[in-house]
2 protein chains.
Amino acid sequence: MGADIARKRFPQVDFLICGDENRIRSLLGSMKELESVCTVRHADQVISDEDKISHALRKGQNSSMWLAIDAVRNGEAAGVVSAGNTGALMAMSKMALKTLPGIDRPAIASILPTLRGESVMLDLGANVQCDAQNLVQFAIMGEVFARTVHGLVNPTIGLLNVGAENLKGHEAVKMASAILRETDLPIRFHGFIEGNDIAAGTVDVVVTDGFTGNVSIKTAEGISGLFSELLSSAFKSSFTAKLGYLLARNALKKVRTRIDPRRYNGAMFLGLNGIAVKSHGGTDAFGFANAIGVAVDMAVHGFNDKIIEELKHLGEDPLSVRQAAVS
Amino acid sequence: MGADIARKRFPQVDFLICGDENRIRSLLGSMKELESVCTVRHADQVISDEDKISHALRKGQNSSMWLAIDAVRNGEAAGVVSAGNTGALMAMSKMALKTLPGIDRPAIASILPTLRGESVMLDLGANVQCDAQNLVQFAIMGEVFARTVHGLVNPTIGLLNVGAENLKGHEAVKMASAILRETDLPIRFHGFIEGNDIAAGTVDVVVTDGFTGNVSIKTAEGISGLFSELLSSAFKSSFTAKLGYLLARNALKKVRTRIDPRRYNGAMFLGLNGIAVKSHGGTDAFGFANAIGVAVDMAVHGFNDKIIEELKHLGEDPLSVRQAAVS
């Protein structure tokens, strides 16, 4: 159980587990130490991955997902972590927690392994269409995240595009780039980057719309799968290859650990007035514990307060003023 | 020189080489057999990668790129292959060759390695914004390419989106999906696919707009680079790992060959009334020969005639009729 791993890692954390009480109690039965830091809240309903968002919002009030989010809303819990339906989790979180002042739309962010270390990328699918303002807000949220939670000094921000030159791309990215260049935000805007810059680690924060971000991150998943599959059959293809694998195994294990998707599990919903983290549905206890870790990190570092502070520095609605100035 | 490799592979092909005559002659001097099937056409100007498209179009008439495209326009050459500025090559090709009847905008397509074999993907960057009509036309061109040039029987078409469900995505993909579903085109429309389906080889033809396609393909390039780099340092990290590499080397070489970007070199500009293929600027002779091979394949299989035929079957402007019907 992910919570049991997280309990050892974060002894300061108590857990509120929402769901079918009988099942949860029977699981906790064998983990006495975890049980001692857990409160169980029974829910009759479960939102399934197939549920439409509208349906989830209607039937949702008795669901485990709603109870968990509601506990964040009323201050009982510092954050919610769920491996359930992403769309429903986002819709319910928006409805219950609302967005932060100055943020029009929350974005889904994740940490990714790169050649240089790790980067943050957003939006990974919350908003299929974004205007320049949305992209600028994502840039600010990503920057604050990289700085406060990820601990980077002066992180660099890149805007994903089809070329590095100023003339490239559609209106929204050109306008967002102009705003980020012209405005006196205390952030280091690198400019446009291309798809290959993501894994290269050219910037610390990759900003894009939810359509492109989702396709890009899933393309990366697919290519990783292709590589793993091809390597695994190559190492099985002959006796000498098998022997070679055995000798190189420790070194290869380090590569696998470095890019283990479970290590990067836990997509953050940035821009909400509360902490919500989405775990991959197919992860294991180790992966889920990491998603809990993401929520703990955000709470410990007071991420949302820092976003509000950052946006306050900008004064009254400065982005739209600035947008008018460059349009 | 790529042409010399291509000459051996395609003995039926003659070459018209446009560029600095002195340099070309001195290169050909050491390749007598190639020289015997080459015509050299001198050009004073070169379009550089940094040239703006507008500038290229103005100064272009004396450039090697223009001379090569013009030879296709006037029927002297069956196709043009260039490793130059992509934007300029597309703009000049559009200007000189025009688009095929029934095609509003050409798209850049490429063949990609997948778990199941190979797929075709388009648009990879010609059109940063696409409407439903463009996407439907890309689907038809991709299908004809997969069938006639790639030799697939009944290839499947997938529309790249952020989820497989009908409700997902922005208006253009939803509308394009409705058109492809409802229309009686003789194509096998699989429906929406996600980014991870590209490398999985879920469909034979991946259709998307040029912004998403470009970011996706470059994301894949970046991840491949990350994998190669991590594996290469892993194999160098200890004596046993080095030994392991030596033993597994032959098997690993097969993996490298399978996904060698040079094998997939040669992006096709589909939808032009003439054949134009873009080679990667950084490839070698082997890669460039493959780009020539792509142009030869398209010419041999009469790709453009088949597109025109396919679109004729649809009758008078059926896509917009159909679009009205589903909107």
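Definitions and cut-offs
- Residues numbered from 1 in each chain as written.
- Chains lettered and ligands numbered in written order.
- Predicted model: local features only at pLDDT ≥ 70, side-chain atom pairs only at ≥ 80, totals over all residues.
- Heavy atoms only, no water.
- Helix = DSSP H or I, 4+ residues; strand = E, 2+ residues; numbered from the N terminus.
- Rg over C-alpha atoms; globule rule 2.2 N^0.38 Å.
- Buried < 20%, exposed > 50% of the residue type's maximum accessible area, 1.4 Å probe, protein only.
- Contact = heavy atoms within 4.5 Å.
- Areas by Shrake-Rupley, 256 points an atom, 1.4 Å probe, with all protein chains shown as cover.
- Lys, Arg positive; Asp, Glu negative; His and termini not counted.
- Charge placed at Lys NZ, Arg CZ, Asp CG, Glu CD.
- Buried area = accessible area lost by both parts, 1.4 Å probe.
- Salt bridge = Lys/Arg side-chain N within 4 Å of Asp/Glu carboxyl O.
- Polar contact = N/O pair within 3.5 Å; in protein donor to acceptor, adjacent residues only side chain to side chain.
- Least-squares fit on C-alpha atoms with pLDDT ≥ 70 in both.
- Core = buried A, V, L, I, M, F, W, Y, C linked by side-chain atoms within 4.5 Å.
- Axes fitted to C-alpha atoms, helices over the stretch in contact; angles between N-to-C directions.
- Left-handed = near helix turned anticlockwise from the far one by under 90°.
- Nonpolar A, V, L, I, M, F, W, Y, C, P; charged D, E, K, R; others polar.
- Pairing = 2+ DSSP bridges.

> What is the right way to read the overall build of chain A from this model?
In terms of regular secondary structure, chain A is built from 14 helices and 10 strands. For 327 residues, the compact-globule formula gives about 20 Å, and the C-alpha radius of gyration of chain A, at 21 Å, lands near that figure. Taken over the C-alpha atoms alone, chain A extends approximately 60 × 60 × 35 Å along its principal axes. Buried residues in chain A amount to 55% of all 327 residues. Taking all contacts inside chain A whose residues are at least 6 apart in sequence as the whole, residues at least 24 apart take part in 69%. Carbon and sulfur atoms make up 51% of the accessible area of chain A, which totals about 14300 Å². Separation between the mean location of the 34 positive side-chain charges and that of the 35 negative ones in chain A comes to 7 Å.

> Looking at this structure, I do not really get the interface of chain A and chain B. What am I missing?
Where interface size is quoted, it is often the accessible area lost as the parts come together. With 50 residues of chain A at the contact, the number on the chain B side is 50 residues. Three residues stand out in chain A for area buried against chain B, namely Phe211, Phe227 and Leu247 of chain A, and they jointly supply 14% of the buried area on that side. Run the count over chain A and chain B and you get two salt bridges. Counting across the interface, chain A meets chain B through six residue pairs in polar contact (both at pLDDT 80 or more).

> How should I be thinking about the relation of the copies chain A and chain B in this particular structure?
Between the two copies of the chain lies a relationship made up of a rotation around an axis and a movement along it. Once turned by 180 degrees and shifted 0.0 Å along the axis, chain A lies on chain B with an RMSD of 0.0 Å. These values place the two chain copies in the arrangement generated by a two-fold rotation axis. Among all C-alpha atoms of chain A, that of glycine 244 of chain A lies closest to the rotation axis, at 1.8 Å. In this assembly, 100% of the residues forming the interface of chain A have copies in chain B that are likewise at the interface, indicating an isologous arrangement.

> Where do I start with the nonpolar core in this structure?
Side chains that are nonpolar tend, in soluble globular proteins, to be buried together. In this structure, Leu135, Phe145, Val207, Leu270 and Met298 of chain A are the most contacted members of the largest nonpolar core, which totals 81 residues. Of all the elements, helix 7 (residues 132–149) of chain A adds the most residues to this core, at 11 residues. Not counting residues up to four positions away in its chain, the partners in contact with leucine 135 of chain A are Cys130, Leu159, Ala172, Val173, Ala176, Val207, Thr208 and Asp209 of chain A. The next biggest cluster of nonpolar side chains, apart from the first, holds 80 residues, and it includes Val80, Ala109, Val144 and Phe269 of chain B.

> Just checking my understanding: could you explain the packing of helix 5 (residues 64–73) of chain A against helix 6 (residues 86–97) of chain A for this structure?
Each pair of packed helices gets described by two things: the angle between the helix axes and the distance between those axes. All names here are of chain A. At a closest axis distance of 10 Å, the pairing of helix 5 and helix 6 adopts a crossing angle of 35 degrees. Crossing of helix 5 against helix 6: the hand is right-handed. Contacts between helix 5 and helix 6 involve Met65, Trp66, Ile69, Val72 and Arg73 from the former and Ala88, Leu89, Met92, Ser93, Met95, Ala96 and Leu97 from the latter. Class assignment for the residues of the contact of helix 5 with helix 6 results in 10 nonpolar, one polar and one charged.

> Any chance you could explain unusual backbone geometry here in plain terms?
Excluding glycine, residues mostly have negative phi values, and the peptide bonds linking residues are mostly trans. Cis geometry is found at the peptide bond from leucine 122 of chain A to aspartate 123 of chain A, where omega equals 0 degrees. With respect to the secondary-structure elements, aspartate 123 of chain A resides in the loop between strand 5 (118–122) and helix 7. The phi angle at lysine 98 of chain A is positive, at roughly 65 degrees, despite the residue not being glycine. For lysine 98 of chain A, the location among the structural elements is in the loop between helix 6 and strand 4 (107–113). One non-glycine residue, asparagine 154 of chain B, lies in positive phi territory at about 55 degrees.

> It is not clear to me how the sheet that holds strand 10 (residues 275–278) of chain B should be interpreted in this structure. Could you clarify?
Two strands in a sheet stick together by hydrogen bonds in their backbones, pointing the same way (parallel) or opposite ways (antiparallel). Residues and elements named next belong to chain B. Across the sheet, eight strands lie side by side as 3-10-9-4-5-8-6-7; this open sheet has mixed pairing. In this open sheet, the two edge strands, each paired with only one partner strand, are strand 3 (79–82) and strand 7 (188–193). Across the sheet, the mean angle from the axis of one strand to that of its neighbour is 25 degrees, orientation sign disregarded.

> Where do I start with the pattern of salt bridges in this structure?
Side-chain pairs of opposite charge can arise where the charged atoms are in close proximity. All names here are of chain A. With the rule as written, the count across this model stands at 34 salt bridges over all chains. Taking the shortest distance from any N to any O, the salt bridge between arginine 116 and aspartate 204 comes out at 3.9 Å. A residue pair is termed long-range when its members are at least 10 positions apart, and arginine 116 in the loop between strand 4 and strand 5 and aspartate 204 in the loop between helix 9 (196–200) and strand 8 (205–207) qualify at 88 residues.

> Even after reading the chapter, I still don't get the pairing of strand 10 (residues 275–278) of chain A, so can you show me in this structure?
Along a regular strand, successive side chains alternate from one face of the sheet to the other. Residue and element names in this part refer to chain A. Judged by which residues are buried, strand 10 turns out to be covered on both faces: Ile275 and Val277 on one side and Ala276 and Lys278 on the other are all buried. Alignment of strand 3 (residues 79–82) against strand 10, held across four bridges, turns out to be parallel. Residue pairing in the sheet places glycine 79 in a bridge with isoleucine 275 of strand 10. As judged from the two bridges shared by strand 9 (residues 267–270) and strand 10, these two strands associate in the antiparallel manner. Residue methionine 268 lies in a different strand from strand 10, and its bridge partner there is valine 277. What sits between the antiparallel neighbours strand 9 and strand 10 is a turn of four residues, in which glycine 271 has the positive phi angle 105 degrees.

> Please explain the sheet that holds strand 8 of chain A as it appears in this structure.
All names here are of chain A. Taken together, eight strands build an open sheet; the order of strands is 3-10-9-4-5-8-6-7 and the sheet is mixed. This sheet does not close on itself; its edge strands, each paired only once, are strand 3 and strand 7 (188–193). Strand after strand, the sheet turns through a mean of 25 degrees between neighbouring axes, direction not considered. Of the pairings in the sheet, the one linking strand 4 to strand 9 comprises three bridges and is antiparallel in character. The residue of strand 9 that forms the bridge with isoleucine 108 is phenylalanine 269. Each of strand 6 (156–160) and strand 7 is contacted by helix 8 (residues 171–182), which is oriented at about 160 degrees to strand 7, the strand it contacts most.

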